[in-house]
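Observations on the three-dimensional arrangement
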Amino acid sequence: MSQKNLRIDRIQKGTVIDHIDAGYALTILNLTGLDEASNLMTIGVNVSSQKYGKKDIVKIENVFLDEVQMAQISILSPNATISLIENYEVIEKKKVEMPRIIKKLIVCETKTCISNSNKEPIDTEFKVLEEKPLKIQCVYCDRIYKLNEIKFKPRRKKGKRVKQMIQL
Ligand SMILES: [Zn+2]
């Protein structure tokens, strides 16, 4: 293991989200609802990375991500890798992939958009126009959103905040 990896404690069991675009770790935790988990988290912001210059990394004990969280991360940080850890070993490593079409995850903010109709609830659907910088378009009302304008559908609340944060 390289010296860089040693800067953040290894976890016994849980998830490591690595190669997050620098500065996006907290956004990801917030939008995926992971910051509501009561589990121990270690967050590295602006860690040196040979591949990307700087990156963020998040380690969460005893938490494995669901499909929705993986999809959210792929939208927020398409270079991210997600490793599942058991007994301090990586048992599975996945690279997230930006979808071409994003269904259900994101809210359209146009009031008159059909996806906001109460009479006939319809799942939101966005086309990815550009990956970097991200640009997506609502297939119903054609409104275009940039990364900082995206609103994810709210997840159920569990309470609790980030327990530990280290500055690297
Ligand atoms: Zn719309």
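Anyway, here's the lowdown on the structure attached to this text. (Residues numbered from 1 in each chain as written. Predicted model: local features only at pLDDT ≥ 70, side-chain atom pairs only at ≥ 80, totals over all residues.)

1. Things to note about the overall build of the chain
Along the backbone of the chain there are three helices and eleven strands. Along the chain, helices and strands appear, N-terminal first, in the series α-β-α-β-β-α-β-β-β-β-β-β-β-β. For the chain, the residues scored as buried account for 27% of the 168 residues in total. Sequence separation of at least 24 residues holds for 65% of the intrachain contacts in the chain that already meet a minimum separation of 6. (Helix = DSSP H or I, 4+ residues; strand = E, 2+ residues; numbered from the N terminus. Buried ≥ 20, exposed ≤ 12 C-beta atoms within 10 Å, placed from the backbone. Contact = placed C-beta atoms within 7 Å.)

2. Considerations on helix α2 (residues 25-32)
Helical periodicity: at 3.6 residues per turn, an α-helix aligns residues three or four positions apart in one direction. Within the span of α2, buried status applies to Ala25, Ile28, Leu29, Leu31 and Thr32. Residues of α2 that are buried sit in contact with β1 (14-21), β2 (41-49), β3 (53-61), α3 (67-76) and β11 (151-152). Glycine 33 sits one or two positions beyond α2 and adopts a positive phi of about 80°.

3. A few points about the packing of α2 against α3
It is the contact of α2 with α3, at a shortest axis distance of 10 Å, that shows an interaxial angle of 145°. Handedness of the α2/α3 crossing: right-handed. The segment α2 lies against α3, with Thr27, Ile28, Leu31 and Thr32 engaging Gln69, Gln72, Ile73 and Leu76. When the residues that make up the contact of α2 with α3 are grouped by side-chain class, the tally is four nonpolar, four polar and no charged. (Axes fitted to C-alpha atoms, helices over the stretch in contact; angles between N-to-C directions. Left-handed = near helix turned anticlockwise from the far one by under 90°. Nonpolar A, V, L, I, M, F, W, Y, C, P; charged D, E, K, R; others polar.)

4. Things to note about α3
Most of α3 sits inside the fold, with seven of its ten residues counted as buried. Among the residues of α3, those classed as buried are Gln69, Ala71, Gln72, Ile73, Ser74, Ile75 and Leu76. The inward-facing, buried residues of α3 abut β1, α2, β6 (101-103) and β11.

5. Things to note about the nonpolar core
Counting 32 residues, the largest nonpolar core has Ile17, Ile20, Ile28 and Val58 as the members making the most contacts within it. Every element with two or more residues in this core is listed here: β1, α2, β2, β3, α3, β4 (81-86) and β9 (135-138). Both domains that furnish three or more residues to this core are identified here as domain 1 (3-95) and domain 2 (101-152). Residues contacting isoleucine 17, with those up to four places away along its chain left out, are Ile57, Val58, Ile73, Ala80 and Ile82. (Core = buried A, V, L, I, M, F, W, Y, C linked by C-beta atoms within 7 Å. Domains from an automatic or database assignment.)

Coordinates in, geometry out; function isn't part of it.
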